[in-house]
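For reference, the chains in residue letters:
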Amino acid sequence: MVQSSVVERIGLPACADDCPLVYLCRKCKQHEAVADYLHEHSGATVQTVRCQKVCESPVAGLRIDGRMEWFERVDGPKALRALASLASGWAPDQLPKSLRKRRSKKRSGRPPR
């Protein structure tokens, strides 16, 4: 369980372990389309955050095994399907190949800005 002081400091919701929450950069082009797709197909709550400084196209972040992972260029169909399946709770042994290539090593493990 996440302590309440940590929850307040990094901006996670109070139900951080239970709620599927996807963070999207609000300055990226097409972030509205990505947010709509994720909300419809995974039921996840989508929250827009400040620019993560790793974007060329939409950037999304979500918690995987208690660690924040950020993915770049998630506007393609394969990346969107894989992100929606992760956000809906499907947990494979490894990240899907379409997301493995898009994981941002620079932002990995860091909370949203």
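Residues numbered from 1 in each chain as written. Predicted model: local features only at pLDDT ≥ 70, side-chain atom pairs only at ≥ 80, totals over all residues. Heavy atoms only, no water.

Peer 1: What am I meant to see in the sheet that holds strand E2 (residues 45-49) here?
Peer 2: Two strands in a sheet stick together by hydrogen bonds in their backbones, pointing the same way (parallel) or opposite ways (antiparallel). Reading across the sheet, the 4 strands line up as E2-E1-E3-E4 and stay open at both edges, with mixed pairing between neighbours. The open sheet has two free edges, formed respectively by E2 and strand E4 (67-71), since each of these has just one partner strand. In this sheet, neighbouring strand axes are inclined to one another by 30° on average, regardless of whether the strands run parallel or antiparallel. Inspection of the sheet shows strand E1 (residues 21-25) paired to strand E3 (residues 60-64) by 3 bridges, in the antiparallel sense. Note on E3: the bridge partner recorded for Tyr-23 is Gly-61. Running over the sheet, helix H2 (residues 31-42) touches E1 and E2 and is turned about 170° from E1. The sheet contacts of helix H3 (residues 77-87) involve E1, E3 and E4, and relative to E3 the element is tilted by about 35°. (Pairing = 2+ DSSP bridges. Helix = DSSP H or I, 4+ residues; strand = E, 2+ residues; numbered from the N terminus. Axes fitted to C-alpha atoms, helices over the stretch in contact; angles between N-to-C directions. Contact = heavy atoms within 4.5 Å.)

Peer 1: Before we go on, may I ask you to explain the nonpolar core in this structure?
Peer 2: The tendency in soluble globular proteins is for nonpolar side chains to be buried as a group. Counting 19 residues, the largest nonpolar core has Val-22, Phe-71, Val-74, Leu-83 and Leu-99 as the members making the most contacts within it. Where this core is concerned, the elements lending two or more residues are E1, H2, E3 and H3. For this core, the leading source of residues is H3, giving 7 residues. With residues up to four places along the chain from it excluded, the contact list for Val-22 reads Leu-38, Ala-44, Thr-45, Val-46, Gln-47, Ala-60, Gly-61, Leu-62 and Ala-87. In terms of nonpolar packing, the next biggest core, distinct from the first, is built from 10 residues, Cys-51, Val-59, Met-68 and Trp-70 among them. (Core = buried A, V, L, I, M, F, W, Y, C linked by side-chain atoms within 4.5 Å. Buried < 20%, exposed > 50% of the residue type's maximum accessible area, 1.4 Å probe, protein only.)

Peer 1: How should I be thinking about the confidence of the model for the chain in this particular structure?
Peer 2: Should pLDDT be low for a region, the predicted coordinates there are not to be read in detail. Of all residues in the chain, 81% attain a pLDDT of 70 or more, and the chain-wide mean is 79. Predicted confidence is poor over residues 1-17, with pLDDT under 50, and the contacts of this stretch with residues over four places away or in other chains come to 18 contacts. (pLDDT = per-residue confidence, 0-100.)

Peer 1: Explain the environment of Cys-25 here, please?
Peer 2: Tracing the backbone through its elements, the reader meets Cys-25 in strand E1. Residue Cys-25 is classed as buried on the basis of its relative accessible area of 1%. Separated by 88 residues in the primary sequence, Cys-25 and Arg-113 have C-alpha atoms spaced 9.5 Å apart. What Cys-25 contacts, discounting residues up to four positions off in sequence, is His-31, Val-49, Arg-50, Cys-51, Gln-52, Cys-55 and Val-59.

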